Amino acid sequence: MNRISSTSRVFALLGDPVEHSLSPEIQNAAMAAARVDGVYVAVETMEEDLAGLMRGLARGGGGGNVTLPHKEKAASLLDRPNSTVRRTGACNTFWAEPDGTVVGDNTDVEGCRRAVARFLQGGPGGARVLMLGAGGAARAALVALLDDGVDEVRILNRSIERARAVSRRIGGERVRVVASLADIAGEEFDLVVNATRLGLEDDDPLPLDLELPGRVGAVFDLVYGEDGTPFVRAAQARGIRATDGIEMLIHQGAAAFERWWGREAPLEAMREAFRTRRAALAGEVGR
Ligand code: NAP
């Protein structure tokens, strides 16, 4: 447990809802393990309060994270967004420079890069990718994969217009929108990324019938669950390597920790805090 005092830097997760977030446990465990003087809380935040909270926390010497539904709004409130915020149109981490300038990053991108590199034991360079989804998480994953040298990304989304908008914003010639499922029948993909919300609820359908493409080399599901996700289990049942979004969650938090504290994040302490909190939540649900 970190010792809270009058010198502690204050960090907050701003979003709505925030009550089920695991970030407070993960960041407080990280600060305790690194022996730095800070405290991290979650604040349910209405849009009209976002600007004041971000500015006050950052210029007061701390900072924080922003989650749904405010990541896009947060990007517009920074004094100086970095290039990742500009490319994705979203900010999930903010703090202030010594001169009081409020700056921010979207560490979902760095979290995705590190998690994919770990999962694929190297980078995704040269890979042919099928991206499912076109929301905020898909934009972050797309920037991460393009920066790490994938050959091609095909985007498949329920709303094709949203996929086209993402492709226009981030795309370039390596990104193409899938107009219909028939377009990917028999196609070969080194990596399928699920960046839809499918898998969050028990009765969700799978985001893709894995029999449809001709070959799927690996599955990276951004959703994370109690015991993997249905999509991860479906892939593994077909002999496809698959992982859920836990490592991305840990690594986006680690990247935020590094921005705030200017030092390496204690990853093992963060993973342990995640596991402990998740086990406690499972116990509460089971009762
Ligand atoms: P978002 O901006 O609301 O986007 C949701 C995406 O899911 C859209 O592509 C949407 O399609 C699709 N979708 C929703 N309901 C669907 C349905 N019934 N059938 C088919 N597609 C559906 O949300 P987000 O922020 O991108 O988050 C997406 C997922 O990524 C969430 O599960 C979140 O937990 C996860 N995530 C994980 C991490 C991590 O660190 N592991 C980080 C960020 C997000 P339309 O465009 O057609 O609505």
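Preceding this paragraph is the structure being described.
Below you will find a few notes about this structure. (Residues numbered from 1 in each chain as written. Predicted model: local features only at pLDDT ≥ 70, side-chain atom pairs only at ≥ 80, totals over all residues. Heavy atoms only, no water.)

Details of the pattern of salt bridges
Two side chains bearing opposite charge may form a pair once their charged atoms approach each other closely.
Piece 1. Tallied over the full model, the rule gives 24 salt bridges.
Piece 2. Salt-bridge contacts for Asp108 lead to Lys71; the nearest nitrogen and oxygen are separated by 2.9 Å. One end of the pair, Asp108, is in helix 5 (residues 107–120); the other, Lys71, is in helix 3 (residues 71–77), and 37 residues separate them in sequence.
Piece 3. Residue classification places Asp108 among the buried residues on the basis of a relative accessible area of 11%.
Piece 4. For Glu187, the salt bridge goes to Arg128, with nearest N and O atoms at 2.8 Å. Of this pair, Glu187 sits in the loop between strand 9 (175–177) and strand 10 (188–189) while Arg128 sits in strand 7 (residues 128–132); the two residues are 59 residues apart in sequence, bridging distant segments of the chain.
Piece 5. Beyond isolated ion pairs, a larger network of salt bridges with shared partners links Arg118, Glu247, Glu268, Arg271, Glu272 and Arg275. (Salt bridge = Lys/Arg side-chain N within 4 Å of Asp/Glu carboxyl O. Helix = DSSP H or I, 4+ residues; strand = E, 2+ residues; numbered from the N terminus. Buried < 20%, exposed > 50% of the residue type's maximum accessible area, 1.4 Å probe, protein only.)

Points about the sheet that holds strand 6 (residues 102–105)
Strand pairing within a sheet occurs via backbone hydrogen bonds; the two strands may be parallel or antiparallel.
Piece 1. Read across the open sheet, the six strands follow the order 2-1-3-5-6-4; overall the sheet is mixed. Of all strands in the sheet, those bounded by a partner on one side alone are strand 2 (38–44) and strand 4 (80–81).
Piece 2. Sheet topology places strand 5 (residues 93–96) next to strand 6; four bridges connect them, and they run antiparallel. When the sheet's bridge partners are listed, Trp95 is paired in strand 6 with Val103. (Pairing = 2+ DSSP bridges.)

Concerning the packing of aromatic side chains
Piece 1. If you walk through the whole model with that rule in mind, you get six aromatic pairs.
Piece 2. Residues Phe11 and Trp261 carry aromatic rings whose centres are separated by 5.6 Å and whose planes lie at 50° to one another, so their mutual orientation is tilted. Placement of Phe11 in strand 1 (residues 9–15) and of Trp261 in helix 9 (residues 246–261) is noted, with a sequence separation of 250 residues between them. There is no split in this pair, since Phe11 and Trp261 are both buried.
Piece 3. Ring plane angle 75° and centroid distance 6.1 Å describe the contact between Tyr224 and Phe274, whose orientation is recorded as edge-to-face. Of this pair, Tyr224 sits in the loop between strand 13 (218–221) and helix 8 (230–237) while Phe274 sits in helix 10 (residues 267–286), placing them 50 residues apart in sequence.
Piece 4. The exposure class assigned to Phe274 is buried, which follows from its relative accessible area of 2%.
Piece 5. Arg9 extends its terminal NZ or CZ atom over the ring of Trp261, reaching a point 4.5 Å from the ring centre. (Phe/Tyr/Trp six-rings, centres within 6.5 Å; stacked < 30°, edge-to-face > 60°. Lys NZ or Arg CZ within 6 Å of the ring centre and 35° of its normal.)

Some details on the nonpolar core
Piece 1. Counting 31 residues, the largest nonpolar core has Met131, Leu142, Val153, Ile155 and Phe220 as the members making the most contacts within it.
Piece 2. Among the secondary structure elements, those contributing two or more residues to this core are helix 5, strand 7, helix 6 (136–147), strand 8 (152–156), helix 7 (160–170), strand 11 (191–194) and strand 13.
Piece 3. Sequence-distant contacts of Val153, that is, excluding residues within four places in its chain, are made with Val129, Met131, Leu142, Leu146, Arg174, Val175 and Arg176.
Piece 4. Phe11, Ala30, Leu249 and Ile250 belong to the second largest nonpolar core, which has 23 residues in total. (Core = buried A, V, L, I, M, F, W, Y, C linked by side-chain atoms within 4.5 Å. Contact = heavy atoms within 4.5 Å.)

Things to note about the pairing of strand 5
Here is the key point about a regular strand: its side chains alternate between the two faces of the sheet.
Piece 1. Of the strand pairs in this sheet, strand 3 (residues 63–66) and strand 5 are connected by three bridges, and their pairing is antiparallel. Each bridged residue has a counterpart across the sheet, and for Asn65 the counterpart in strand 5 is Thr93.
Piece 2. Hairpin geometry of strand 5 and strand 6 is characterised by an intervening segment of five residues between the two adjacent antiparallel strands and by a positive phi of about 95° at Gly100.

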